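Fold and geometry: a report
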Amino acid sequence: FAHDEKNHLIAIKSLADNPEVDEYIDKVYDDLKKYSAGGNTGNKMLDIIIGKYTALCSKNGLSFNAKALTSNLSFVQDSDISAMVGNLLDNAFEAAKQAKDGKIEFSLYTLDGKSCVVSVINTALTEPKYENEVLVSAKSDQKSHGYGIKSIKKTAEKYGGSYSWFYDHKNREFHAMVMLPIPSVSC
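Quick notes on the rules
- Residues numbered from 1 in each chain as written.
- Predicted model: local features only at pLDDT ≥ 70, side-chain atom pairs only at ≥ 80, totals over all residues.
- Heavy atoms only, no water.
- Helix = DSSP H or I, 4+ residues; strand = E, 2+ residues; numbered from the N terminus.
- Buried < 20%, exposed > 50% of the residue type's maximum accessible area, 1.4 Å probe, protein only.
- Polar contact = N/O pair within 3.5 Å; in protein donor to acceptor, adjacent residues only side chain to side chain.
- Contact = heavy atoms within 4.5 Å.
- Core = buried A, V, L, I, M, F, W, Y, C linked by side-chain atoms within 4.5 Å.
- Phe/Tyr/Trp six-rings, centres within 6.5 Å; stacked < 30°, edge-to-face > 60°.
- Axes fitted to C-alpha atoms, helices over the stretch in contact; angles between N-to-C directions.
- Parallel < 35°, antiparallel > 145°, perpendicular 65-115°, else oblique.
- Left-handed = near helix turned anticlockwise from the far one by under 90°.
- Nonpolar A, V, L, I, M, F, W, Y, C, P; charged D, E, K, R; others polar.
- pLDDT = per-residue confidence, 0-100.
- Pairing = 2+ DSSP bridges.

Tracing the sequence through the fold places N43 in the loop between α2 (19-33) and α3 (44-59). A relative accessible area of 8% places N43 in the buried class. Within polar-contact distance, the side chain of N43 engages the backbone nitrogen of M45 at 3.1 Å. Among the polar contacts listed, one links the side chain of N43 to the backbone nitrogen of L46, at a separation of 3.1 Å. When near neighbours in sequence (up to four residues on either side) are disregarded, N43 contacts N72, L73, S74, D78 and I81.

Printed below as a string of C-alpha cells:
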C-alpha cells in the first residue's frame with residue numbers, strides 16, 4: 001500500500017505543476033516513507049521484516065538503513081528467514097535504542113556468487129557479554145533469554161553456513177554476520 005501510494009503522489013505532483021501542491025506532497029511523501037518496507041527485495045517475508053524495523057526504528061528515533069543488493073534469501077524457508085533475520089534485528093534494536101543516536105545497518109549481498117551474506121551493524125554502547133567466544137544474554141534472567149543467538153546459529157548451520165560477530169570498541173558498534181552457501185542448481 002505504502003509503495004503504491006508513493007507512486008500515486010509522485011504522479012500527482014508531476015501533473016499539478018504547483019509549488020504549494022509540491023510542498024504538500026513532499027511532506028506527505030516523507031511521512032509515508034516511514035511506513036514503507038524500505039525496498040522491494042522480491043522476498044515477501046524479508047520485506048515484512050524490513051518494514052517492521054523501518055517503522056519501529058522511526059518510532060524510536062533510531063536510524064535504520066536496509067540494503068538487499070544482490071540476494072533476497074530465496075533459497076531459505078520463510079520460517080528460517082524470520083528466525084534468523086528477526087533475531088539479528090531484535091538484538092540490534094535492543095542495543096541501539098540504548099544510545100542517543102542509535103543506528104542499525106542491515107545489508108544482504110552475494111559474495112563471489114557462492115555465498116549469501118547477511119550483515120547487521122548496530123550501535124552498542126557496551127561490549128556484549130560472552131564466555132568462551134559465545135555470546136550470553138546481558139539480561140538478569142538468563143534462563144529465559146539468549147535463545148535468539150542460538151536460533152541464528154542453528155538456522156545458519158541448517159543451510160551449511162556460519163554465524164560470526166565482533167565488537168568494534170573504537171566506534172562502539174556490534175557487527176553480526178551470517179554467511180550461507182548458495183545452493184547450486186543441478187540440471
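So that's the structure; there's more coming.
On to the nonpolar core. Judged by nonpolar contacts, the single largest core of 35 residues is most densely connected at L73, V85 and F106. Of all the elements in the fold, those that place two or more residues in this core are α3, β1 (63-68), α4 (78-96), β2 (103-111), β3 (115-123), α5 (147-158), β6 (162-168) and β7 (173-181). Looking at which element gives the most residues to this core, the answer is α4, with eight residues. The residues touching F106, leaving out its near neighbours within four places in the chain, are L46, I50, F64, N65, A66, K67, V85, L89, V118, S119 and V120.

Time to look at the packing of aromatic side chains. Given two aromatic rings, one states the distance between the centres and the angle between the planes to describe the pair. Tallied over the full model, the rule gives two aromatic pairs. Arranged with centres 6.5 Å apart and planes meeting at 70°, the rings of F75 and Y159 form a pair that is edge-to-face. Of this pair, F75 sits in the loop between β1 and α4 while Y159 sits in the loop between α5 and β6, placing them 84 residues apart in sequence. Assessed through its relative accessible area of 17%, Y159 is described here as buried. Seen in terms of ring centroids, W165 and F174 are 5.6 Å apart; in terms of plane orientation they differ by 20°. Their pairing is stacked.

Let us now look at the packing of α4 against α5. The geometry of α4 relative to α5 is characterised by a closest axis approach of 9 Å and an angle of 140° between their N-to-C directions. With respect to α5, the element α4 is oriented oblique. Pair α4 / α5 crosses with left-handed handedness. Facing α4, whose interface residues are D80, A83, M84, N87, L88 and N91, α5 presents G148, I149, S151, I152, T155 and K158. Classifying every residue of the contact of α4 with α5 gives five nonpolar, five polar and two charged.

Okay, the confidence of the model for the chain next. Scored by pLDDT, the chain has a mean of 84; 81% of the residues are at 70 or more. For the chain, the element scoring lowest by mean pLDDT is strand β5 (residues 134-135), at 60; β7 scores highest, at 97.

Quick look at the sheet that holds β2 now. The strand order across the open sheet formed by five strands is β1-β2-β3-β7-β6, and the pairing between neighbours is mixed. Looking at the sheet topology across the chains shown, the edges are occupied by β1 and β6. Here the average twist between neighbouring strands, direction ignored, is 15°. With six bridges joining them, β1 and β2 adopt parallel strand pairing. Note on β2: the bridge partner recorded for S63 is K103.

All right, on to the environment of F166 then. Residue position: F166 is located in strand β6. Look at F166 and you get partly exposed, because its relative accessible area is 46%. On a C-alpha basis, the gap between F166 and E127 in space is 9.4 Å, while along the polypeptide they are 39 residues apart. Once residues lying within four places of it in the same chain are set aside, the contact partners of F166 are E173, F174 and H175.

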